[in-house]
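Each chain is listed here by its residues.
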Amino acid sequence: MISFATRINKGLMLTDRRKRARAVYLSLILVSLIWLGLIFAAPALMAERHSIAAIILYRSFSAICHQIPERSFYFCGFPLGVCSRCTGIYAGFMIGLLLYPVLRRVENENFPTRWWLAAAAVPAAIDFGGGYLGLLTNTFQSRAMSGFFLGAAAAFYIVPGFVSLYESRFTRKRDHAVDLKRQNPKLT
Amino acid sequence: MDNVDSKKPALIGGLIVGLLSVIPLVQIANTCFCLWALVGGAVAAKMLIDRSPLPLTSREGARIGLMAGLIGAMIYFLIESPITIFKMDAVLTSAGSMPFASDQAKELYERIGQNSMLKVLLAFIFVAIGAVFLLGFTVLGGILGVALFEKRKGGQPPPPQYPPQYPPQYPPQYPPQYPPQEG
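What counts and what doesn't
- Residues numbered from 1 in each chain as written.
- Chains lettered and ligands numbered in written order.
- Predicted model: local features only at pLDDT ≥ 70, side-chain atom pairs only at ≥ 80, totals over all residues.
- Heavy atoms only, no water.
- Helix = DSSP H or I, 4+ residues; strand = E, 2+ residues; numbered from the N terminus.
- Buried < 20%, exposed > 50% of the residue type's maximum accessible area, 1.4 Å probe, protein only.
- Contact = heavy atoms within 4.5 Å.
- Areas by Shrake-Rupley, 256 points an atom, 1.4 Å probe, with all protein chains shown as cover.
- Salt bridge = Lys/Arg side-chain N within 4 Å of Asp/Glu carboxyl O.
- Core = buried A, V, L, I, M, F, W, Y, C linked by side-chain atoms within 4.5 Å.
- Axes fitted to C-alpha atoms, helices over the stretch in contact; angles between N-to-C directions.
- Parallel < 35°, antiparallel > 145°, perpendicular 65-115°, else oblique.
- Left-handed = near helix turned anticlockwise from the far one by under 90°.
- Nonpolar A, V, L, I, M, F, W, Y, C, P; charged D, E, K, R; others polar.
- pLDDT = per-residue confidence, 0-100.
- Expected span 1.5 Å × (residues − 1).
- Disulfide = S-S within 2.5 Å.
- Phe/Tyr/Trp six-rings, centres within 6.5 Å; stacked < 30°, edge-to-face > 60°.

## Regarding the overall build of chain A
Moving on, step 1. For chain A, the helix and strand inventory stands at 5 helices and 2 strands.
Moving on, step 2. Taken from N to C terminus, the helices and strands of chain A fall in the order α-α-β-β-α-α-α.
Moving on, step 3. When each of the 188 residues of chain A is scored for burial, the buried share is 42%.
Moving on, step 4. Across chain A, contacts joining residues at least 24 apart in sequence account for 69% of those joining residues at least 6 apart.

Right, dumping it as structure tokens:
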């Protein structure tokens, strides 16, 4: 028979765990918003003639994207910081984050079955591989949409990863505090 | 999970991320969604999965991705910084020749090209930001690597079953053998 105090303790612990998971989830949304904002900020800064800042952003994004202007969306008359496929991935990730609490509990640290991720990667793989090998001609829309599905699916694997990572830091600190208390009961 | 050696997987993953991101031509793959960072993180996760007797969770995937990402980002920063400083003139020329570059931007590139301190500073900024991106994507690669490669289910294995130490006269007889009542 679990005592009333233990049940209250367990309920409080679960509430704390939910709060920590929500903090991680909201942080991921914030980082994702900032990331998308920087992608759009590069052309906006270039249009506003803040060239040094725009150069830094464009050059930074060049490390992770080919930035071919013909394959990029345009904003304020200049291409975005990344190509259409990458923009689709990041936008899809943002949408996946927003849908996450509707479909899963935020504090759930377990991955969904991996076949969803593999299935979401298939359109992007076909679009990229087929275009690279010359088997098919990919379009602006096909690159963006295939990236969108992959990004949205990836959100459902990345959120539990970060929630679990943050929870492990908290658990380690709490276990360390419990060990110290056991070794020295006079500690407050 | 603390007793599993994660240094070797992190080192191998970090070497994949760092070295392949600086080798000419090979580094072009990074323009495809930071491919080497994702691959490095996933390889580190797969190696850790093979070494671990228990199923890995997303937490360990993120952790091994972070370790590999730190190693890879450090290698990338140390090797790419002098290379970028050396070829900064070519970087500025190619940036100025982009079709969407404004006249003001082109003028700015020329001014930067004439100022050595500004060239070195910008080179360090570019490489540092690139290293941070590599770190972030390697962490994602670790998480996704565990999601894709970990097939085992469940957490801790059940504790070993010991034979119970039954007391003598167990199980008790039922109904109990009461002594006859007097009276």
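Having seen the structure, we can now continue with the description.
## A word on the overall build of chain B
Moving on, step 1. Assigned secondary structure in chain B consists of 6 helices and 0 strands.
Moving on, step 2. The order of α-helices and β-strands along chain B, N terminus first, is α-α-α-α-α-α.
Moving on, step 3. In chain B, buried positions account for 41% of the 183 residues.
Moving on, step 4. Here the contacts in chain B between residues at least 6 apart in sequence split such that 79% fall between residues at least 24 apart.
Moving on, step 5. Of the roughly 10,900 Å² of accessible surface on chain B, a fraction of 66% belongs to carbon and sulfur atoms.

## Observations concerning the pattern of salt bridges
Moving on, step 1. The full count for this structure, using the stated rule, is 9 salt bridges over all chains.
Moving on, step 2. E109 of chain A is paired through a salt bridge with R17 of chain A; the nearest N and O atoms lie 3.7 Å apart. Note that E109 of chain A is positioned in the loop between α3 (84-103) and α4 (114-133) and R17 of chain A in helix α1 (residues 4-47), a separation of 92 residues in sequence.
Moving on, step 3. Several salt bridges converge on common partners, so that one network encompasses R17 and E109 of chain A together with R59 of chain B.

## Comments concerning the interface of chain B and chain A
Moving on, step 1. If you look at the interface, chain B gives 33 residues, while chain A gives 36 residues.
Moving on, step 2. Counting every contact that joins chain B to chain A gives 1 salt bridge.
Moving on, step 3. Where E109 of chain A meets R59 of chain B, a salt bridge forms, and the shortest distance between an N and an O atom there is 3.0 Å.
Moving on, step 4. Looking at the side of chain B that touches chain A, the element that brings in the most residues is helix α6 (residues 116-149) of chain B, giving 14 residues.

## Description of the nonpolar core
Moving on, step 1. Of all hydrophobic cores here, the largest spans 65 residues; its most connected members are W35, I39, F61, I64 and Y90 of chain A together with F137 of chain B.
Moving on, step 2. Of all hydrophobic cores here, the second largest spans 9 residues; its members include A10, I49, L56 and A68 of chain B.

## What about the environment of Y166 of chain A?
Residues and elements named next belong to chain A.
Moving on, step 1. Looking at the secondary structure, you find Y166 in helix α5 (residues 140-183).
Moving on, step 2. Assessed through its relative accessible area of 38%, Y166 is described here as partly exposed.
Moving on, step 3. Along the primary structure Y166 and V24 are separated by 142 residues, whereas in three dimensions their C-alpha atoms are 7.5 Å apart.

## Some details on the packing of helix α3 (residues 58-86) of chain B against α6 of chain B
In a packed pair of helices, the relevant descriptors are the angle between the two axes and the axis-to-axis distance.
Residue and element names in this part refer to chain B.
Moving on, step 1. At a closest axis distance of 7 Å, the pairing of α3 and α6 adopts a crossing angle of 155 degrees. In terms of their interaxial angle, α3 and α6 are classed as roughly antiparallel. In this structure, the crossing between α3 and α6 has a hand that is right-handed.
Moving on, step 2. Residue classes in the contact of α3 with α6 are distributed as 19 nonpolar, 9 polar and 1 charged.

## Notes on the confidence of the model for chain A
Should the pLDDT be low somewhere, the predicted coordinates at that spot are not to be read in detail.
Moving on, step 1. Put simply, chain A has an average pLDDT of 83, and 82% of its residues get 70 or more.
Moving on, step 2. Per-element confidence in chain A is highest for α3 of chain A, whose mean pLDDT is 93, and lowest for α5 of chain A, whose mean pLDDT is 80.

## Structural notes on the environment of E48 of chain A
All names here are of chain A.
Moving on, step 1. Locating E48 in the fold gives a position in the loop between α1 and α2 (51-61).
Moving on, step 2. When its relative accessible area of 56% is taken as the criterion, E48 is described as exposed.
Moving on, step 3. Considering only alpha carbons, one finds E48 and F93, 45 residues apart in sequence, at a separation of 28 Å.

## What to know about helix α2 (residues 35-51) of chain B
Owing to its 3.6 residues per turn, the α-helix aligns residues three or four sequence positions apart on the same side.
Residue and element names in this part refer to chain B.
Moving on, step 1. Here α2 contains 17 residues, and its C-alpha end-to-end distance of 24 Å stays within 8% of the 24 Å for a straight helix at 1.5 Å per residue.
Moving on, step 2. Within the sequence span of α2, burial applies to W36, A37, L38, G40, G41, A42, A44, A45, L48 and I49.
Moving on, step 3. Buried residues in α2 make contact with α1 (7-20), α3 and α6.

## Considerations on the state of the cysteines
Residues and elements named next belong to chain A.
Moving on, step 1. Overall, the coordinates contain 0 disulfides over all chains when judged by the stated rule.
Moving on, step 2. The thiol of C65 is unpaired, and the distance to the nearest cysteine sulfur, on C83, comes to 3.5 Å.
Moving on, step 3. Residue classification places C65 among the buried residues on the basis of a relative accessible area of 1%.
Moving on, step 4. The closest cysteine sulfur to the non-disulfide-bonded C86 is located on C83, 3.7 Å from its own sulfur.

## Looking at the environment of V132 of chain B
Moving on, step 1. Looking at where V132 of chain B falls in the secondary structure, it is placed in helix α6.
Moving on, step 2. Taking the C-alpha atoms as reference points, V132 of chain B and F77 of chain B, separated by 55 residues in sequence, lie 9.5 Å from one another.

## A word on the packing of aromatic side chains
Moving on, step 1. Tallying each qualifying case throughout the model produces 12 aromatic pairs over all chains.
Moving on, step 2. Ring plane angle 70 degrees and centroid distance 4.9 Å describe the contact between W35 of chain A and F133 of chain B, whose orientation is recorded as edge-to-face. Residue W35 of chain A is located in helix α1, and its partner F133 of chain B is located in helix α6; the two belong to separate chains.
Moving on, step 3. The exposure class of W35 of chain A is buried, given its relative accessible area of 18%.
Moving on, step 4. Residue F133 of chain B is classed as buried on the basis of its relative accessible area, which comes to 12%.
Moving on, step 5. Linked through ring pairs, W35, F61 and Y90 of chain A together with F133 and F137 of chain B together constitute an aromatic cluster.

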